[in-house]
Every structure is written in structure tokens, then in C-alpha cells.
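Take a look at the letters that make up each chain.
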Amino acid sequence: MPKSIDKKYTDPVGKSVPRIDGKGMVTGQAKYVYDIGFANMLVGKMIRSPHPHAKILSIDTSKAEALPGVRAVITAKDTDKIKFGSNEHFFPHTIDQMALESEKVRYIGDEIGAVAAVDEETALEALKLIDIKYKILPAVFDVQEAMKPNAPQIHESLNNIAVILPVNFGNPDRTLKEADYVREDTFYTPAAHHACMEPHVCVGQWELFSNKVTLWASSQAPFKCREALAKTFKMDLNNIRVIKMSVGGGFGSKLEMLPMDFSACLLSKKSGGLPVKITYSREEEFIASRRKHGIIYKIKSGVKKDGTLVAITGEVIADGGAYCSYGPTVLAAAIMRIFMVYQIKHFRITGYRVYTNTPISGAMRGFGGVQAGFAIESHMDLLAKGINMDPVEFRLKNITTPNMTTINQMKISSNGLRECIEKATAAAEWNKKRGQQKSLCRGIGIGIAADVMGSKMYKSHESAGSIVKVEEDCSVYFFTGAADTGQGSNTALSQIAAQELGVSYDRIKCTSGDTETTPFDTGSFASRVTFISGNATILAARDAKNQILEIVAKEHNLNRDDLDIKAEEVINTKNNTTLMNFEKAVELCFSFNYGKQIMGRGSYNPNTTPIDFRTGEGNVSGSYGFEAQIAEVEVNKETGEVKILKLYDAHDIGKAINPQSVEGQIEGSLAMGIGYTFMENLQFKQGHVANANFAHYRLPRSIGIPPMESILIETNDPHGPFGAKGMGEASLLPTSAAIANAIEDAVGIRLKELPFTPDKVLKALHSINKK
């Protein structure tokens, strides 16, 4: 039998049980890709372009290949020259990147080839010996310059516009003319970086005898990575295995196959099947992984005197860098998230995702919602101010409600947004503080947001699978394809499995993120795992439980529907009696008379519809999460420094599967929001990343984080596992706006460009003092 079961871990849903991987992390025993070591393992390094835009005329690798210790050198001539990307299903024309570029490079750091050697020193020396001749081409680095007709052409797209996304409903032009108050604002948000503690690292091995590829990766989406490898290698999926190890942070940066993953595997093949490890340096992480889109967000809205929001128009320009990556999804999310939050019938915003000769923009926590959240929620405060209405009252007048369908056909079931606003403002004493602390240079501001629980924007389905296997010793093995990247999904899903099966949480042994041994799962992004993978887990545990109860019912000549397993006991729900404990039930299943193997399976695909990009309509998520955030600040008029006194975050999470993990996700998002508001700005100089290290790319540290209060709103979503929704990203979306709104309340200045540096604050203060 397994170790003694702790009864306090029965009925684990709603309890802050210990992380399933917690001890491994704090003791240093958790295995990351960097920890992997094999006999004769080689070190790989990427060959990168030193130019932002150039034609490749020739590549001579002969000197590098002759260097003692070099085992393989690869370039595009060793590949099938197949392009890959991340929005192939809906935007096939955006599949624009090769694993190794063959004709042209489009940013400093673009991958041209790779080397594998016996050690790092030899690999680095080999890079110096590779002779590449280029024809330098004109480059463009500014997104607005790139859209001009005479700008250098980076791909084949007209005016370097990779994607144009018009979203139109109603008649906004006519309705704006009927509004009592109209205003227009432009907001600027910079590029930023994920800055994960663990840089990208992978180990690839190509078994020559079986022609099978295995990649050990730090990945948020191992099954998506497998698909890209299969495509670029022209192989069947069943010949490629991707194993996700422990992940030291992802935030969207590890959602895609990168050229390093492809190269590690191909280098292994060319070196006779030896495993090859490629690890990014911190500088490579900044220049050659992915980054947040810098966005210019123009918005014009009209309101009635009573606060009714009647129409919105605008334009979104996103700097995509050299290749498309997740750009179409980011652009769509930046435009359409507003429909989850506000009831609006007349709307027109057109988005442009534009190529520049800078590092690639991709997915980053919030998928465009952070940039949009800053613009929209700042703009909403200004609209309220224009009609002399309290910002909270204005929002309550216009927000979405439970059980409604939005103008673009999003079907909202549970919706705790009103309660979030009311609870957050009550906790922060909004009515007492708003506009009453100017003598102290203190202010209070609000921002609200909503987020999806998955997003059917990547392929024809978004299903997840789970398997629950009960062994003879009563241990429970749980298999999920979901990728725990540090957010605690293995723990939450194990809690769900234990709750539905009716056993203690400490019986569960979780295996996740292995494309050969676990069921399919799209990956960890868009706050989807708890909702989608959680539902698959319930179904698998329920299937396993049914198999056990069928045997018990047969043995005791009872009706299966009258039986259940609760808190380690098999009970008769008809008369509320206990028949036996869980261990006796499992013993019966494996007995001579039955010999029943207990293996439960579950598959869940949310009842959603993809966005029709011709109309802007689509219900992309099975449920939606909501939140309200309050910031209290104090501004130093002499130095321009802004101090956050406290942040309040009320989050509609449906049901808190693990309250401590929920609070950790909220606090982590708030910390990230603070960084983007005051510090983070990935800067470029003629295509070079000017601050590609932690000495010059500033991030918040734990020592400077302000007090935070998390308020969990449980709406018990009818579609969620035990009523739960996904969460985490939504808390990041309104932070910058809440702070900006608080700064205006404190000292009367409106900041429209992130980050809020002391210089910008002082400049704004000087500007209003001159008036």
C-alpha cells in the first residue's frame, strides 16, 4: 500500500495544499533542461546575423568544420527550407520564418546556421571561423516609418503590413455625432521582454537507428513544438517526442519552436546521433527569443451626459519585428478584449501588425491586452472626467453582465465584474479617498479587465486530454499534456483529480507535458489550463471512479447510480451509509473474480467558435474571467518619483481550486505590471538591442514591491471544473492604467506613454504649471 494517507487532504478543492513540485524546487532537486547530461553530449551554438537587413551571398564553413573538436556545422542547405509560424490555421500567409534563413536576414540575431562541438570554447571558436558574405540592404526600425510607401521592404507584404485587421460593428461615425461628449487620445506602449530567470535551453537527439527525434525542452506547449518540428523536418508526428522539463518561467516566450530547437536535433543527426545541448546566453535571450509588441493605440469615443458609452473608433499599430510569430493573435486580442468588459454596439478599430528590422515580437503575458488595457482604461477615466462623472460610476454604467451575448457574439455566462468593482472600491475606501488627498500628493485610481479561458485561434480544436490510472497499491497516476511552467497547474489539476475521484490529494502522482506518454494538450497560454485541462481531468477521474463503483455495485447487488466515493469512503448516497473504504474498493477491483484495471480517460473541447475575421464575430472562450484593480499612489513633485502605497485586486476566478496559488498568480501579475509601468523598455539602436542585460534592463525586485490585497470573487461558473475559471493574466491588464489614473487624481497630470519615468512626470508637472 502507499504511504499513510493524510485525511486533511481529502476534498482538496478550495484548499491551499502544498505544491506537488514544491519540495523539488526549494531543495534544488527539480530537473530543468540545463541539468540534463548525457555521455558525449555536445554543445551547440547558433550562427547569427550581425546585420539588421542583408542578402546572404555565400557561406563558407570549411574552416570551422576542420577545427578539432567540432562535430557538425549546419546551414540552410542542410534543411528542407520549410517555413514555420504560429497562426497557420487562420493566417497562413503569416508563416514567414525558416528554421535557418537561406537568402536573407531581417534582424540582428537572425539564425543562419549552428555548430556543435565537444565544449563551449570550441563551439564559440568555430563561430569565428565561419565566413559569411552579405549584401547590406536598407533597414527600417520605426513602425510608422516602416508603413510608408518608400520604406525598405522586409517581406513581400505591401508597406510592410503583415496583417490588417478591421473590426466593425454598427455605425460609429453617425453615433459619435449624436454623443454629448467626444474625445480622442493616443497612447504609446514600449517593447518589453519576458526576462524569465531560466533562459531558453534545449537538448536534441536524433536516433539514427530508429530515425526518431527527441527534444528535451523548456516549453509551454510541447505538442505545438512537436508539430513545428514535424513540419520543418517533413516527418510524422509519431517519430518526434518533446519532453517538457521543469520550466523557470515562460510568460509566452516559450510557446513556439525556435530555430535552436530545430538546430539541436539536426546537429545531433549530423554528428552521428550524439545529443546536443543549446543554451541561450542572457544577451541571446534578449535579442533572439521573443518580445512584447510595442503598440501605438489611438482611440476616440463618444458618451451621453448620463455616462452611456455610445461609440468607439480607433487604430492600433503594432511593431512586429522581423517575423510574424503570434502577431495576428496579439493584434486581435488588443482590439477585441474590450467587448468582454464594456457593452458597446457601435465600434470600429483597425489594427496593423507591421514588420520592422528589429527582434521578433510574439506572445507575452496578456497577448496585447496589457497595451490595450493601459490605453482603454486611461481613456475611460478621461471620458468620465469630461462629463464630470465618477470613474467607478461610469464603469458600472457600461460594463457587461452575466448571461449575455456581446455584439461580436462572445457568450458570457458567469460575470463577477460588478462585484469585483464594488469589493475593490470598498476595500480601498474609494469614496473617502478619491479627489480628497491632493494636498498630500496622493491619489487613487481604478482599472478593470476581462480575459479568456483559452482561445480558439490556433487550430481547428482546442481540446485537452487526461488519464487517471489507479494501481493495485491504491496509488493514483495522473497524466496530463498540460505544461506546468511554474504557475502550479500540476497541483491544481491533481487537486481536481483527487476531488472527483474522492481520494486524498497525496495519492496523486502527476506526469505532464510529454508528447509520447501524456494525452494531447494545446499548451499553457491564454489562462486555459484550469478551465480546459481541468474539465478533461474531471472527466478522466469520473471515468476511473465509475469503473470502481461498477465493480462495487456488482459485488453488492446495488444500483451504481446510488454509489459515490467521498473522502476515501465508498458511500451509498440513497441511505448515506459507508460500504467500504477506497482501498478495499480497489482491492475488490483487482481481485480474482474481477481483475479490473482502472484507467479513466477524459477529453474536453470547449463549446466555442473561432473568430470570423471577416466579421469580427466569434465566441473564442468557454468562459470569461473578470477583475477590478485599485492603485493608491503618492507623487513626489520635486523628484518625479511615484510611490505605490497599495494595490487592491478583486478577481472573479469562479472557484479558487488552490487559494494560495491564486493569490500568488495575482501578486506575480501585479509585480509584472509595476515593472511595465515604471521600468521596462526594450530599447533599440539601429536594430541593436541597447539594453540586452539585467544591468540595463530594469525589473522590479521583491524588496520594492508594495502591499497588495487580493480579493477572490467566486461566481461558480457553470462550465468550469467545480465552478473554476482560468486566471493569472487578467490581473496584469489594468495595472498601468490604474496607476496612471491614480497619478492624475494625485497631482492632475495625465501620462500617456509608458514607462512612467521621473523625467516624464516632472515634464508633465512643468507643463500644467505653465498653463
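Bear in mind that the values here come from a model prediction, so they are computed numbers and not experimental data.

Considerations on the layout of surface pockets
Working step 1: Its boundaries defined by the atoms lining it, the second largest pocket holds a volume of some 780 Å³.
Working step 2: Residue lining of the second largest pocket: 30 residues in total, with Arg19, Ile20, Asp21, Gly22 and Lys23 positioned closest to the centre.
Working step 3: Contributions of two or more residues to the lining of the second largest pocket are made by α1 (22-26) and β23 (508-512).
Working step 4: Of the residues forming the lining of the second largest pocket, the biggest block, five residues, is contributed by β23.
Working step 5: For the lining of the second largest pocket, the per-class residue count stands at 10 nonpolar, nine polar and 11 charged.

A look at the domain arrangement of the protein
Working step 1: Domains assigned within the protein are domain 1 (7-30 + 463-604), domain 2 (33-137 + 199-247 + 255-288) and domain 3 (294-457 + 610-770).
Working step 2: For domain 2 versus domain 3, the separation of C-alpha centres amounts to 37 Å.
Working step 3: Here domain 2 packs against domain 3, burying approximately 2,200 Å² in sum over the two surfaces, 65% of which is carbon and sulfur.
Working step 4: Contact with domain 3 buries surface across domain 2, with Asn87, Phe90 and Phe286 losing the most and accounting together for 29% of the total.
Working step 5: For the pair domain 2 and domain 3, the interface holds zero salt bridges.
Working step 6: There are nine residue pairs in polar contact (both at pLDDT 80 or more) connecting domain 2 and domain 3.
Working step 7: For the side of domain 2 that touches domain 3, the leading source of residues is helix α8 (residues 282-288), giving four residues.
Working step 8: Across the side of domain 2 that touches domain 3, the residue classes break down as eight nonpolar, five polar and nine charged.

Some words on empty space enclosed by the protein
Working step 1: Enumeration according to the criterion identifies seven cavities of 30 Å³ or more in this entry.
Working step 2: Its boundaries defined by the atoms lining it, the second largest cavity holds a volume of some 120 Å³.
Working step 3: Around the second largest cavity, the lining is made up of 13 residues, and of these Val341, Gly373, Ile376, Ile448 and Ala449 lie nearest the centre.
Working step 4: Only α10 (338-341), α11 (369-386) and β20 (442-452) provide two or more residues apiece to the lining of the second largest cavity.
Working step 5: No other element matches the five residues that α11 contributes to the lining of the second largest cavity.

Quick word on helix α17 (residues 582-589)
The α-helix winds at 3.6 residues per turn, so residues separated by three or four positions along the chain end up facing the same way.
Working step 1: Among the residues of α17, Phe582, Ala585, Val586, Leu588 and Cys589 are the ones counted as buried. Projection of α17 onto a plane perpendicular to its axis shows the buried side chains occupying an angular sector of 155 degrees, all on one side.
Working step 2: On its buried face, α17 sits against β21 (464-470), α16 (529-556), β24 (563-566), β25 (569-572), β26 (577-581) and β27 (598-604).

Focus on the sheet that holds strand β12 (residues 212-217)
Working step 1: Reading across the sheet, the seven strands line up as β3-β7-β1-β14-β11-β12-β13 and stay open at both edges, with mixed pairing between neighbours. Of all strands in the sheet, those bounded by a partner on one side alone are β3 (70-75) and β13 (240-244). For this sheet, the mean inter-axis angle between neighbouring strands, taken without regard to orientation, is 20 degrees.
Working step 2: Pairing of strand β11 (residues 201-207) with strand β14 (residues 276-279), which is carried by four bridges, proceeds in the antiparallel orientation. The partner of Gly204 across the bridge, within β14, is Val276.
Working step 3: Packed on one face of the sheet, helix α3 (residues 120-129) meets β1 (42-48), β3 and β7 (111-117) and runs near 25 degrees to β1.
Working step 4: Helix-sheet contacts for helix α6 (residues 222-233) involve β11, β12 and β13, and the interaxial angle to β13 is about 150 degrees.

Re the packing of aromatic side chains
Working step 1: One pass over the structure, following the stated rule, counts 17 aromatic pairs.
Working step 2: Every member of this aromatic cluster is reached through a ring pair, and the members are Phe187, Phe374, Phe678 and Phe756.
Working step 3: The ring centre of Tyr676 lies 4.5 Å from the NZ or CZ of Lys292, which sits over that ring.
Working step 4: It is Lys469 that lies over the ring of Tyr477; its NZ or CZ is 5.5 Å from the centre.

Considerations on the pattern of salt bridges
As a working rule, side chains carrying opposite charge can pair if their charged atoms are close by.
Working step 1: Throughout the structure, instances matching the rule amount to 47 salt bridges.
Working step 2: One salt bridge connects Asp131 with Lys133, and the closest N-O pair in it is separated by 3.0 Å.
Working step 3: The exposure class assigned to Asp131 is partly exposed, which follows from its relative accessible area of 35%.
Working step 4: Residue Lys133 is classed as partly exposed on the basis of its relative accessible area, which comes to 45%.
Working step 5: One salt bridge in this structure joins Lys433 and Glu632, with 2.9 Å as the shortest N-O distance. Highlighted residues: Lys433 in helix α14 (residues 430-433) and Glu632 in strand β28 (residues 624-635), separated in sequence by 199 residues.
Working step 6: Judged by its relative accessible area of 7%, Glu632 falls in the buried class.

Examining the state of the cysteines
Working step 1: Per the counting criterion, the structure on display carries zero disulfides.
Working step 2: Not engaged in a disulfide, the cysteine Cys324 finds its nearest cysteine sulfur in Cys225; these two sulfurs lie 19 Å apart.
Working step 3: Cys474 takes part in no disulfide bond, and the closest cysteine sulfur, belonging to Cys589, lies 9.4 Å away.
Working step 4: Look at Cys474 and you get buried, because its relative accessible area is 0%.

Some points on the packing of α6 against helix α7 (residues 259-270)
Working step 1: Orientation of α6 relative to α7, taken along the N-to-C sense of each, is 55 degrees, at an axis distance of 10 Å. Here α6 is positioned oblique relative to α7, judged by the angle of their axes. As α6 packs across α7, the resulting crossing turns out to be right-handed. Residues Leu229, Thr232 and Phe233 of α6 pack against Asp261, Phe262, Cys265 and Leu266 of α7.
Working step 2: In the contact of α6 with α7, the residues fall into five nonpolar, one polar and one charged.

Looking at helix α19 (residues 735-747)
Working step 1: Taking 1.5 Å of rise per residue, the 13 residues of α19 would be expected to cover 18 Å, and the 19 Å separating its terminal C-alpha atoms lies within 8% of that figure.
Working step 2: Where burial is concerned, most of α19 is hidden: 13 out of the 13 residues are buried.
Working step 3: Two residues or fewer after α19 comes Gly748, characterised by a positive phi angle close to 80 degrees.

Considerations on the environment of Ala428
Working step 1: Along the chain, Ala428 falls in helix α13 (residues 417-428).
Working step 2: When the C-alpha atoms of Ala428 and Gly445 are compared, they prove to be 10.0 Å apart, with 17 residues separating the residues in sequence.

Some remarks on the environment of Ala311
Working step 1: As for its placement among the helices and strands, Ala311 is situated in strand β16 (residues 309-321).
Working step 2: A relative accessible area of 0% places Ala311 in the buried class.
Working step 3: Residues Ala311 and Thr522, spaced 211 residues apart in sequence, show a C-alpha to C-alpha distance of 36 Å.
Working step 4: Non-local contacts of Ala311, meaning those with residues more than four positions away in its chain, are made with Pro172, Thr175, Leu176, Lys300, Ser301, Gly302, Ile344 and His346.

Some points on the sheet that holds strand β6 (residues 104-105)
Working step 1: Pairing is antiparallel in the open sheet, where three strands are placed in the order β6-β2-β8. The open sheet has two edge strands, β6 and β8 (131-136), and neither has a second partner.

Here we look at unusual backbone geometry
Working step 1: A cis amide bond, omega -5 degrees, links Leu754 with the succeeding residue Pro755.
Working step 2: At Cys474, a position not held by glycine, the phi torsion is positive, near 75 degrees.
Working step 3: By secondary structure assignment, the location of Cys474 is in the loop between β21 and β22 (476-480).

Conventions used here
Residues numbered from 1 in each chain as written. Predicted model: local features only at pLDDT ≥ 70, side-chain atom pairs only at ≥ 80, totals over all residues. Heavy atoms only, no water. 1 Å grid on protein atoms, 1.4 Å probe; cavity = no way out; pocket = protein on both sides within 12 Å on 5 of 7 lines; lining within 4 Å. Points joined across faces, edges and corners; volume = space filled by probe spheres on them. Helix = DSSP H or I, 4+ residues; strand = E, 2+ residues; numbered from the N terminus. Nonpolar A, V, L, I, M, F, W, Y, C, P; charged D, E, K, R; others polar. Domains from an automatic or database assignment. Buried area = accessible area lost by both parts, 1.4 Å probe. Salt bridge = Lys/Arg side-chain N within 4 Å of Asp/Glu carboxyl O. Polar contact = N/O pair within 3.5 Å; in protein donor to acceptor, adjacent residues only side chain to side chain. Buried < 20%, exposed > 50% of the residue type's maximum accessible area, 1.4 Å probe, protein only. Arc of directions from axis to C-beta. Contact = heavy atoms within 4.5 Å. Pairing = 2+ DSSP bridges. Axes fitted to C-alpha atoms, helices over the stretch in contact; angles between N-to-C directions. Phe/Tyr/Trp six-rings, centres within 6.5 Å; stacked < 30°, edge-to-face > 60°. Lys NZ or Arg CZ within 6 Å of the ring centre and 35° of its normal. Disulfide = S-S within 2.5 Å. Parallel < 35°, antiparallel > 145°, perpendicular 65-115°, else oblique. Left-handed = near helix turned anticlockwise from the far one by under 90°. Expected span 1.5 Å × (residues − 1).

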